[in-house]
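Observations on the model geometry
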Amino acid sequence: MKDKTLILIFAFLIVISLAVIFLVPKGGANVAKIYVDGKMYKEIFLFEIKKPYTMDIGTGNVLLVEKDGVSMIQADCPDKLCIKRGKITDGAYPIICLPHKVTITLDGGEVDGVSE
Amino acid sequence: MKKYIKAAVLASLALIIFVIEAQIPAIAAVPGIKLGLSNIITLVSLVLLGKKEALAILMIRITLGNILCGQMASFAYSLTGGLFCYAAMILMLRLLTIRKLWAISITGAIAHNAGQLLTAFVLTNTKEVFWYAPLLCISAILTGLFTGLCAQYTIARLKLF
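Residues numbered from 1 in each chain as written. Chains lettered and ligands numbered in written order. Predicted model: local features only at pLDDT ≥ 70, side-chain atom pairs only at ≥ 80, totals over all residues. Heavy atoms only, no water.

What chain A contains, in helices and strands, is two helices and eight strands. If you line up chain A on its principal axes, its C-alpha atoms span 60 × 40 × 20 Å. Of all 116 residues assigned to chain A, the portion counted as buried reaches 40%. Of the roughly 6,500 Å² of accessible surface on chain A, 59% is carried by carbon and sulfur atoms. Computed over 14 positive and 14 negative side-chain charges, the inter-centroid distance for chain A is 6 Å. (Helix = DSSP H or I, 4+ residues; strand = E, 2+ residues; numbered from the N terminus. Buried < 20%, exposed > 50% of the residue type's maximum accessible area, 1.4 Å probe, protein only. Areas by Shrake-Rupley, 256 points an atom, 1.4 Å probe, with all protein chains shown as cover. Lys, Arg positive; Asp, Glu negative; His and termini not counted. Charge placed at Lys NZ, Arg CZ, Asp CG, Glu CD.)

This next bit is on the nonpolar core. Counting 32 residues, the largest nonpolar core has Phe10(A), Ile57(B), Leu101(B) and Ile104(B) as its most contacted members. Elements supplying a minimum of two residues to this core: helix 1 (3-23) of chain A together with helix 1 (2-23), helix 2 (38-48), helix 3 (51-69), helix 4 (74-96), helix 5 (101-124) and helix 6 (133-158) of chain B. Each residue touching Phe10(A), except ones within four places of it in the same chain, is listed here: Trp102(B), Ala103(B), Ile106(B), Thr107(B), Ile110(B) and Ile141(B). Judged by nonpolar contacts, the second largest core, of 21 residues, contains Val36(A), Ile57(A), Cys77(A) and Cys97(A). (Core = buried A, V, L, I, M, F, W, Y, C linked by side-chain atoms within 4.5 Å. Contact = heavy atoms within 4.5 Å.)

Glancing now at the interface of chain A and chain B. The interface is formed by 31 residues belonging to chain A together with 30 residues belonging to chain B. Ranking the residues of chain A by area buried against chain B places Phe10(A), Leu81(A) and Leu98(A) at the top, with a combined share of 22%. Across the pair Lys100(B) and Asp3(A) runs a salt bridge, and its minimum N-O distance is 3.3 Å. Broken down by element, the residue count for the side of chain A that touches chain B peaks at 10 residues, all from helix 1 of chain A. Considered class by class, the residues forming the side of chain A that touches chain B number 20 nonpolar, five polar and six charged. (Buried area = accessible area lost by both parts, 1.4 Å probe. Salt bridge = Lys/Arg side-chain N within 4 Å of Asp/Glu carboxyl O. Nonpolar A, V, L, I, M, F, W, Y, C, P; charged D, E, K, R; others polar.)

All names here are of chain A. Strand direction decides the pairing type here: strand 3 (residues 53-56) and strand 4 (residues 61-66), joined by four bridges, are antiparallel. Bridging across to strand 4, Thr-54 finds its partner in Leu-64. Between strand 3 and the antiparallel strand that follows it, strand 4, lie four residues; Gly-58 among them carries a positive phi value of about 85°. (Pairing = 2+ DSSP bridges.)

On to helix 5 of chain B. End to end, helix 5 of chain B covers 34 Å across 24 residues, agreeing with the expected 34 Å (1.5 Å per residue, within 8%). With its phi angle positive at about 55°, Asn125(B) sits one or two positions after the end of helix 5 of chain B. (Expected span 1.5 Å × (residues − 1).)

Pairing between the strands of a sheet comes from backbone hydrogen bonds, and it takes one of two forms, parallel or antiparallel. Residues and elements named next belong to chain A. What the four strands build is an open sheet, ordered 2-1-8-7; its pairing is antiparallel. Each edge of the sheet is formed by a strand with only one pairing partner; in this case those strands are strand 2 (39-45) and strand 7 (95-97). Adjacent strand axes in the sheet meet at a mean angle of 15°, parallel and antiparallel pairs treated alike. Here strand 7 runs beside strand 8 (residues 102-107); their pairing, made up of three bridges, is antiparallel. Pairing of Ile-95 across the sheet is with Ile-104, part of strand 8. (Axes fitted to C-alpha atoms, helices over the stretch in contact; angles between N-to-C directions.)

Quick look at the pairing of strand 8 of chain A now. Residues and elements named next belong to chain A. A large share of strand 8 lies buried, amounting to five of its six residues. With six bridges connecting them, strand 1 (residues 31-36) and strand 8 associate as antiparallel partners. Among the inter-strand pairings, Val-31 is bridged to a residue of strand 8, identified as Asp-107. Taken together, strand 7 and the strand that follows it, strand 8, pair antiparallel across an intervening segment of four residues, in which Lys-101 is found at a positive phi of about 55°.

What the four strands build is an open sheet, ordered 3-4-5-6 (chain A); its pairing is antiparallel. Where the open sheet ends on each side, the last strands, each with one partner, are strand 3 and strand 6 (87-88) of chain A.

The subject of this paragraph is the confidence of the model for chain B. Residue and element names in this part refer to chain B. Mean pLDDT over chain B stands at 90; residues scoring 70 or higher make up 98%. Of all secondary-structure elements in chain B, the lowest mean pLDDT belongs to helix 1, at 92, while helix 2 reaches the highest, 94. The ipTM value of the predicted complex is 0.83, and its pTM value is 0.85. (pLDDT = per-residue confidence, 0-100.)

Here it is, written out as structure tokens:
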């Protein structure tokens with residue numbers, strides 16, 4: 001296989017990856033889903049929130065829950081990538097704390113006509 | 001006898017590189033983005049020693065490296081990442097030959113990240129982790145190119161001996 005072919009293949013992969021990163025619609029942020037060790041720990045309906053509050057989910061991770069998103073403000077894992085992630089406000093790129101097996105995702109959610 | 005000495009030296013190098021690289025803090029909030037410099041040694045071992053020796057050196061690096069500086073879950077990630085990378089690289093070596101080491105390295109890097117992403121999915125049981133796939137893919141291509149070129153230059157120099 002020639003060099004040129006290989007370069008084209010990898011360039012193609014980069015382009016596709018960029019396309020996915022920038023073009024895929026991310027979904028809404030109505031429901032925050034917290035998973036611990038693969039199981040759903042809690043589901044929070046963000047639009048019901050009047051005042052931001054903190055939540056300790058028991059694995060050494062503490063979340064800040066607000067109307068427009070969720071962020072990790074405390075974690076005792078060594079890499080602290082989950083805190084670095086910042087606040088998530090849409091359905092893509094969850095907050096993940098791999099050492100504690102915690103994942104937090106935002107979802108459009110199923111709203112059954114209840115509005116404020 | 002000479003082979004054992006060479007393998008031992010390469011294994012030590014792989015270990016040192018791995019431990020030093022583990023001290024560098026993560027640059028992005030994406031789990032799994034790193035330079036992967038230890039793969040340079042895996043490539044060098046593959047070319048200069050052979051498949052079996054390279055695998056042995058890889059396993060030594062994974063086991064001792066994670067004992068020395070790994071956290072709880074890191075062993076599983078290192079293991080799957082390393083084995084996926086190794087499998088992909090020996091496959092590509094057959095298809096591409098040593099002359100295209102940079103491409104083999106990139107494929108290894110992509111496989112490494114894919115293996116780790118899969119492990120993350122299995123351990124956290126959330127499919128949303130795959131959102132990170134495109135970022136990891138781009139990172140793998142760039143770092144894989146870098147380590148592949150490093151390996152090529154290293155081998156060129158070592159062959160002079």
